[in-house]
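Notes for the structure review
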Amino acid sequence: DLRMDYFDWTIYRQVLFQVDPLVSQPSILAWAPGKRSTRWLDLRMRRPGANGTMARFWEPLTVEIMAPLLSAKIWPAMHLRLGTVDGRRAGGVQRVIHKIAKLAKQSGCRRTAELVVNLSPLR
């Protein structure tokens, strides 16, 4: 279960307008310091660096099925592809999301495949 205590749609939307990714997700923050947030290291919220600045967003290897936001631009493709996967398992859906975003980047129609927004995390 995810909580939206620290999620800020205004910040998140600003990143979406700036980068225009097809697939994005908020970074994932643990419930308490030292606790696990997600098994995917590149989806975890990042602390400020040594210079005190915080990464606003980055491109991960993949997004996790628990929190992706999909651009309406890929809904038709998602709908067609989801008809071919076993919807009883999240892994199949996650692979479809990743494949569509990856192909869009490889074809040159997008600068980024998937994006993690660090400044507006889920917990």
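Cut-offs and rules
Residues numbered from 1 in each chain as written. Predicted model: local features only at pLDDT ≥ 70, side-chain atom pairs only at ≥ 80, totals over all residues. Heavy atoms only, no water. 1 Å grid on protein atoms, 1.4 Å probe; cavity = no way out; pocket = protein on both sides within 12 Å on 5 of 7 lines; lining within 4 Å. Points joined across faces, edges and corners; volume = space filled by probe spheres on them. Nonpolar A, V, L, I, M, F, W, Y, C, P; charged D, E, K, R; others polar. Salt bridge = Lys/Arg side-chain N within 4 Å of Asp/Glu carboxyl O. Helix = DSSP H or I, 4+ residues; strand = E, 2+ residues; numbered from the N terminus. Buried < 20%, exposed > 50% of the residue type's maximum accessible area, 1.4 Å probe, protein only. Phe/Tyr/Trp six-rings, centres within 6.5 Å; stacked < 30°, edge-to-face > 60°.

**Some details on the layout of surface pockets**
Its volume calculated, the largest pocket comes out at about 280 Å³. Lining the largest pocket are 15 residues, and of these L29, A30, G34, M45 and R47 sit closest to its centre. Partitioned by chemical class, the residues of the lining of the largest pocket number eight nonpolar, two polar and five charged.

**Side note on the pattern of salt bridges**
Tallying each qualifying case throughout the model produces four salt bridges. Across the pair K73 and D20 runs a salt bridge whose closest N-O atoms are separated by 3.1 Å. On the criterion of sequence distance, the pair formed by K73 in the loop between β3 (69–70) and α2 (75–82) and D20 in the loop between α1 (9–19) and β1 (23–28) is long-range, its members being 53 residues apart. Classification of K73 as exposed rests on a relative accessible area of 53%. Each of R3, D5 and R123 takes part in a single network of salt bridges with overlapping partners.

**What to know about the packing of aromatic side chains**
Evaluation of the coordinates by the stated rule reveals three aromatic pairs. Where W9 meets Y12, the ring centres are 5.9 Å apart and the plane angle is 15 degrees; that geometry is what we call stacked. Here the residue W9 and the residue Y12 both occupy positions in helix α1, the gap between them amounting to three residues, near one helical turn. We classify W9 as partly exposed; its relative accessible area is 41%. Y12 sits in the buried class, given a relative accessible area of 0%. Among the aromatic residues, those joined into a cluster by ring pairs are F7, W9 and Y12.

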